[in-house]
Amino acid sequence: MSKSQTPTRTPKRPAGKFRVLRLGVLVMAGYLVFQLAQIQVSIYKQQRALEELTAQCLDQQAENDNVERYLSMEDDTQLVEQIAREKLGFAYPDEVVFIDAAGS
């Protein structure tokens, strides 16, 4: 072989450094994906808790409105009559009461 036909060598890069770098980037990406999934689950749980607390707040507000209405009644007989009708199911002797079977 002559000098013109000798293959030229390209300098070799250190393969070990790039493998370690690739492995490090891969591990870091996996860790970040895992953390993102955990955060998403946490957000989902917090949203459900917020919805539940909002519903409880609305129920309590309705109860507070009822108590305020009871307290604002001028006459105790009105209050007693309303409690007898709503809670105890009482009615006047000549009165016909219709009950909603659907419960709404």
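I will try to describe carefully the structure that is included in this document.

Examining the overall build of the chain
Alright, step 1. The secondary structure content of the chain amounts to 2 helices and 0 strands.
Alright, step 2. Of all 104 residues assigned to the chain, the portion counted as buried reaches 3%.
Alright, step 3. Surface exposure of the chain reaches about 10300 Å², of which carbon and sulfur atoms provide 61%.

Things to note about the side chain of Gln-82
Alright, step 1. Summarising the element assignment, Gln-82 is placed in helix α2 (residues 76-86).
Alright, step 2. For Gln-82, a relative accessible area of 12% puts it in the buried group.
Alright, step 3. The contact partners of Gln-82, leaving out residues within four places of it in the chain, are Arg-69, Tyr-70, Met-73 and Lys-87.

Describing the environment of Ile-83
Alright, step 1. Here Ile-83 lies in helix α2.
Alright, step 2. Residues Ile-83 and Tyr-70, spaced 13 residues apart in sequence, show a C-alpha to C-alpha distance of 9.5 Å.

Focus on a nonpolar patch on the surface
Alright, step 1. A surface patch of nonpolar side chains, about 290 Å² in accessible area, is lined by Phe-18, Leu-21 and Val-25.
Alright, step 2. Topologically, Leu-21 is positioned in helix α1 (residues 15-72).
Alright, step 3. Since its relative accessible area comes to 53%, Leu-21 is described here as exposed.

Observations regarding the pattern of salt bridges
Oppositely charged side chains may form a pair once their charged atoms are brought near each other.
Alright, step 1. Within the structure shown, the criterion is met by 3 salt bridges.
Alright, step 2. Across the salt bridge formed by Glu-51 and Arg-48, the nearest N and O atoms sit 2.8 Å from each other. With Glu-51 and Arg-48 both in helix α1, this residue pair falls 3 residues apart, about one helical turn.
Alright, step 3. Among the residues examined, Glu-51 registers a relative accessible area of 48% and is labelled partly exposed.
Alright, step 4. Among the salt bridges present, the one from Arg-85 reaches Glu-81, with a minimum N-O distance of 3.4 Å. A residue pair is termed a helical-turn pair when its members lie 3 or 4 positions apart in one helix, as Arg-85 and Glu-81 do in helix α2 at 4 residues.
Alright, step 5. Look at Glu-81 and you get partly exposed, because its relative accessible area is 34%.
Alright, step 6. Residues participating in the shared-partner salt-bridge network are Glu-81, Arg-85 and Glu-95.

Rules of the game
- Residues numbered from 1 in each chain as written.
- Predicted model: local features only at pLDDT ≥ 70, side-chain atom pairs only at ≥ 80, totals over all residues.
- Heavy atoms only, no water.
- Helix = DSSP H or I, 4+ residues; strand = E, 2+ residues; numbered from the N terminus.
- Buried < 20%, exposed > 50% of the residue type's maximum accessible area, 1.4 Å probe, protein only.
- Areas by Shrake-Rupley, 256 points an atom, 1.4 Å probe, with all protein chains shown as cover.
- Contact = heavy atoms within 4.5 Å.
- Patch = residues over 30% accessible without salt bridge, like charges linked within 9 Å, V, L, I, M, F, W, Y side chains within 5 Å.
- Salt bridge = Lys/Arg side-chain N within 4 Å of Asp/Glu carboxyl O.

Geometric values such as these leave the question of function open.
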